[in-house]
Amino acid sequence: MTRFDFIKVLIVSTLLKGNGYAYIERDERGNAKGLHFLPSEIVTIIRPKTLSEAVSYSIAGLGKVESCNMIHIKNFSYDGIEGVSTLRHARNSLGLAVDSEAHAAGFFKGGANLAGILKSTTNLNSQQKD
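Note that the coordinates shown come from a computational prediction; the quantities given were computed from them, not determined experimentally.

Rules used in this analysis
Residues numbered from 1 in each chain as written. Predicted model: local features only at pLDDT ≥ 70, side-chain atom pairs only at ≥ 80, totals over all residues. Heavy atoms only, no water. Buried < 20%, exposed > 50% of the residue type's maximum accessible area, 1.4 Å probe, protein only. Helix = DSSP H or I, 4+ residues; strand = E, 2+ residues; numbered from the N terminus. Pairing = 2+ DSSP bridges. Salt bridge = Lys/Arg side-chain N within 4 Å of Asp/Glu carboxyl O.

**Side note on the pairing of strand S3 (residues 43–46)**
- Only one face of S3 is buried, namely the one carrying Val 43 and Ile 45, since none of Thr 44 and Ile 46 on the opposite face is buried.
- Bridge count for S3 against strand S4 (residues 56–59) is 4 bridges, and the pairing is antiparallel. Pairing of Ile 45 across the sheet is with Tyr 57, part of S4.

Below, the structure is given as structure tokens:
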């Protein structure tokens, strides 16, 4: 795979699936000697249990991989650990907009009046009654 194709596939995965993954292959001295694109379907994020732990990854056929050996590009993220696709983010945003419109329509259809009952433990004076 050429450098251009590698970057393109990584970015397309990020946009369509929310996460782009690449495994960093290292030699015995720890120097990077290769990058391998990983489809998001074979990668599972292992969330840290404490603040001092780092995120790690479980890769089908490879096992557990530390974050120092992974490139993880996140699209939109609600938790900073896992990305969501552009389409899912747009669906969430549009769903919120539709719900807001429906609520506003019902509020104004009802005369834009707030309903409720106020109770007081003391008697109201003449200024408070007006």
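**Side note on the pattern of salt bridges**
- In the structure shown here, the tally under the stated rule is 4 salt bridges.
- Measuring nitrogen to oxygen at the nearest pair gives 3.7 Å for the salt bridge that ties Glu 25 to Lys 33.
- By relative accessible area, which is 56% here, Lys 33 ends up exposed.
- Arg 47 is the salt-bridge partner of Asp 79, the closest N and O atoms lying 2.8 Å from each other. A residue pair is termed long-range when its members are at least 10 positions apart, and Asp 79 in the loop between strand S7 (76–77) and strand S8 (83–84) and Arg 47 in the loop between S3 and S4 qualify at 32 residues.
- For Asp 79, a relative accessible area of 38% gives the class partly exposed.
- Where salt bridges share partners, they join Arg 47, Asp 79 and Glu 82 into one cluster.

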